[in-house]
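Architecture at a glance
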Amino acid sequence: MFNNLLNSFHETVAEAKEDREQLDRLLTISTPRERLLVAAIAVFLCALLAWFFFGNVARSIVVDGVIVAQGETLPDGSITVEALAWINSEIAPQIAAGMPVLIEPESANGETDAPGGTVRTIAAEPVSGGPAAFETAAPVSVHRIEIALETAFPEDLDPDSIAGMKCRIVIELGRQPPIGLFLMR
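Residues numbered from 1 in each chain as written. Predicted model: local features only at pLDDT ≥ 70, side-chain atom pairs only at ≥ 80, totals over all residues. Heavy atoms only, no water.

**Some points on the pattern of salt bridges**
The condition is simple: Every case where a carboxyl oxygen of Asp or Glu lies within 4 Å of a side-chain nitrogen of Lys or Arg is listed as a salt bridge. Numbering of helices and strands starts at the N terminus; helices are DSSP runs of H or I of at least 4 residues and strands are runs of E of at least 2. For every residue, the accessible area obtained with a 1.4 Å probe (protein chains only) is divided by the maximum for its type, and the residue is called buried under 20%, exposed over 50%, and partly exposed between those limits.
The final tally for this structure, using the stated rule, is four salt bridges. Across the pair E82 and R144 runs a salt bridge, and its minimum N-O distance is 2.8 Å. Of this pair, E82 sits in strand β2 (residues 79-88) while R144 sits in strand β5 (residues 140-149), and the two are 62 residues apart along the sequence. Accessibility expressed as a relative area gives 26% for R144, which makes it partly exposed.

**What about the packing of aromatic side chains?**
So the rule is basically this: Centres within 6.5 Å make a pair out of two Phe, Tyr or Trp rings, where for Trp the six-membered ring is used; the pair is then stacked when the planes are under 30 degrees apart, edge-to-face when over 60, and tilted otherwise.
Going through the model one piece at a time under the given rule, you end up with one aromatic pair. On the basis of an interplanar angle of 85° and a centroid distance of 5.7 Å, the ring pair of F52 and F53 is categorised as edge-to-face. A relative accessible area of 25% places F52 in the partly exposed class.

**Some points on the sheet that holds strand β6 (residues 166-176)**
Spelled out, the test is: Should DSSP find at least two bridges between two strands, the strands are regarded as paired. Only the stretch in contact is used when a helix axis is fitted, and all axes are lines through C-alpha atoms; the angle between N-to-C directions ranges over 0 to 180 degrees.
Here six strands make up a closed barrel; going around it, the order is β1-β2-β5-β4-β3-β6 and the pairing antiparallel. With strand direction ignored, the average angle separating the axes of adjacent strands in the sheet is 45°. By the bridge criterion, 10 bridges tie strand β1 (residues 57-73) to β6 in an arrangement that is antiparallel. Bridge pairing links V62 to V170 in β6.

**Let's talk about the nonpolar core**
Across soluble globular proteins, you tend to see nonpolar side chains buried next to one another. Quick reminder of the rule: Residues belong to one nonpolar core when they are buried, are Ala, Val, Leu, Ile, Met, Phe, Trp, Tyr or Cys, and are joined through side-chain atoms within 4.5 Å. We call two residues in contact when some of their heavy atoms are within 4.5 Å.
Ranked by size, the top nonpolar core spans 23 residues in total, and within it I95, I103, I169 and I171 carry the most contacts. Those elements that provide at least two residues to this core are β1, β2, β3 (100-105), β5 and β6. A per-element tally of this core places β2 first, with five residues. When residues no more than four places from it in sequence are discounted, the contact partners of I171 are R59, S60, I61, I95, M99, P100, V101 and I145.

**Overview of the environment of R120**
As for its placement among the helices and strands, R120 is situated in strand β4 (residues 116-124). For R120, the contacting residues outside a window of four places in its chain are E72, L74, T80, A97, E146, I147 and A148.

**A short note on the environment of I171**
Looking at where I171 falls in the secondary structure, it is placed in strand β6. Take I171: its relative accessible area is 0%, and that puts it in the buried class. Residues I171 and S60, 111 residues apart in the sequence, show an inter-C-alpha distance of 5.5 Å.

**A word on the side chain of E146**
Structurally, the position occupied by E146 is in strand β5. For E146, the residues in contact, after removing those within four places along its chain, are T80, V81, E82, T118, V119, R120 and T121.

Here it is in structure tokens:
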């Protein structure tokens, strides 16, 4: 716009005025269709912002574990299983009785049927053969989790054969608004 020094001042001002008028024409929303598009975008952004503050998402952890044994049958017909899992020492205190759990057993054919339930108890396993003082300083430690299953293992699994089975354990720690994910350290 002001690149050519040989143009007069009046010519430069006239060119700048033309450029501004052209921008005004480009930015004008004149048709109802364009207004509807702008309104739809505004509604979408407002809904997204509202969900961001008032919605909720599940916060879960996934740990690898081994099913140690099948426990007892509870009065409501559900069974309990005990599993050993390596859990981060910072997250382990957040796990409490009553939290929802899914057990995803490893199967030879790749298909998994994940029985669900709730945590009954969780306890740190003592370090065998080593000093117990280092157990609290370790970043991960072995925990014994007792789980009350609401749904049973697949019919093709013998209850006695689940001992020693490797699995993934998904524990839901709770629900929180999406903004909480950004505010976490």
